[in-house]
Amino acid sequence: MASSPAPISDAVAPLYGLLLAGGRSTRMGRDKAALSYGGDTPQLERAMTLLAGHVVRAYISVRPEQAADPLRARFPQILDTHDNVGPIAGLLAAQTAHPEAAWLVLACDLPLLDARTLAHLLRARDPQRMATAYRSSHDALPEPLCAIYEPASRKALAAHLASGQHCPRKFLASTDTLLIEQPAPGALDNINTPKEYGAVAERLTRPTTDAQRHITVQYYAVLREQAGVREESLVSAARTPGELYAELSRRHPFTLAPEVLRVAINNEFREWTTPLAEGDAVVFIPPVAGG
Amino acid sequence: MSTFRFTRTAIETRALAAALANPACGGYACFEGWVRDTNDGQRVRQLEYEAFEALAVREGERIVAEAMSRFGVAHAACVHRLGDLAVGELAVWVGVSAPHRAEAFGACRYIIDEVKHRLPIWKKEHYLNGDSGWVNCERCAPGASAAHAHRHP
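Now for a description of the structure that goes with this document. The shown structure was predicted, so the numbers you read here are calculated from the model rather than taken from an experiment. (Residues numbered from 1 in each chain as written. Chains lettered and ligands numbered in written order. Predicted model: local features only at pLDDT ≥ 70, side-chain atom pairs only at ≥ 80, totals over all residues. Heavy atoms only, no water.)

A closer look at the sheet that holds strand β10 (residues 262–265) of chain A
Residues and elements named next belong to chain A. Ordered in space as β9-β8-β12-β10-β11, the five strands form an open sheet in which the pairing is mixed. Looking along the sheet, the strands with just one partner apiece sit at the ends: β9 (231–236) and β11 (268–270). Between one strand and the next, the sheet's axes are offset by a mean angle of 35°, whatever the strand orientation. Looking at chain direction, β10 and β11 are connected through three bridges and run antiparallel. Considered in β11, the bridge of Ile265 is made with Glu268. The strands touched by helix α8 (residues 241–251) within the sheet are β8 (213–218), β9, β10 and β12 (281–285), with β9 carrying the most contacts at an inclination of about 110°. (Pairing = 2+ DSSP bridges. Helix = DSSP H or I, 4+ residues; strand = E, 2+ residues; numbered from the N terminus. Axes fitted to C-alpha atoms, helices over the stretch in contact; angles between N-to-C directions. Contact = heavy atoms within 4.5 Å.)

Quick look at the structure:
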């Protein structure tokens, strides 16, 4: 550690992602991480792709005996160090492994979760609080499994566990948590039983009538000022970022030509011709001026 | 440990430099970028930095890793300010420690050059005359090339 930069208290902690894939799927009767909705992609892979698009680094949280499972072995893992305490075990192990990071924690049984809901949480994040979380659209309590836990929450979480409490909702309700409203109620509905799985899988498999996609666009700097918003969600028939920028330029007084911009999709640089996919988060990057 | 970070308050260089100290290293090079009072002939009053943080942190870590492998140094880091900065304030810090000075200087230069060209960070200048503008962005409109006095990376 002596050769690494010391954490500086005023810095905003980098955001890492933790996908909880250590559950026992007792009520489902089969592994929830391996279920697929509307295609062949296992839910674990779908959720990891979504999560990785919003964080610096993404891991899955697993119990040690699950580490070699072929589906789980494909992703960077953090192994639980406490047994039988549920999701808190995964978060504590992650905070212990990377105490300098803030953690965006996601359950892996949220098939309706979309990029917009994640992007909205990140925008609302207050790094000065212990955590940032959504208020449940069902009972108004904190949703602990699509929430950001700052590094400062680590001690309090360990104390919560040491006092014999394992419930992450009670933890968030008892600590300094920023609670926000969901932009798309229902996006955090989790799937626990074969009946719930059947209903959601049927809904997500239904063919869409045309080639439109839900896209989130985030704006920075001069584009943010010209768009008048930091972010917007839209349903668009644009097939590429190039077509999307042309469409948005008809609605916003953008002065920058696409030739001077770069494109990022799900937090990685991409080409203007990269095909857009359902749920993509797109950023158009004006000429940079760091340093 | 993250080798690239953003901060919204003053960068404490002494602690950052101390964290790079290592018995195997006889050389330490750093670069400090300060807010200047003029740019393109305009008198600057204040600056505002904004970043696309999720991508910038990843790309910043990649840049530091590239410098470390290219110059064979084991200890390097970079911190960039965000938010409002006054003239004279430290906007960016790069530090490298290495067995000898040549690789420390080389890696430090590489990191700051790449940071300036590759990271999605933007700078809005507020001028003494009341105007303001996003650096490199205000004259990129189609047809504005006559007034286009700067190069894009």
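Structural notes on the state of the cysteines
Under the defined criterion, the tally for this structure stands at zero disulfides over all chains. As a non-bridged cysteine, Cys78(B) has Cys108(B) as the owner of its nearest cysteine sulfur, 9.0 Å distant. (Disulfide = S-S within 2.5 Å.)

Regarding the sheet that holds strand β2 (residues 27–34) of chain B
Residues and elements named next belong to chain B. If you walk across this open sheet you meet the four strands as β1-β5-β7-β2, and the pairing is mixed. The open sheet is flanked by β1 (4–7) and β2, the only strands paired with a single partner. For this sheet the average axis-to-axis angle between neighbouring strands, irrespective of direction, equals 10°. The sheet contact formed by strand β5 (residues 75–81) and strand β7 (residues 90–98) spans six bridges and is antiparallel. Each bridged residue has a counterpart across the sheet, and for Ala76 the counterpart in β7 is Val96. Strands in contact with helix α2 (residues 53–71) are β1 and β5; relative to β1, the strand with the most contacts, it is inclined by about 140°. Helix α3 (residues 101–118) contacts β1, β2, β5 and β7 of the sheet and is inclined by roughly 150° relative to β7.

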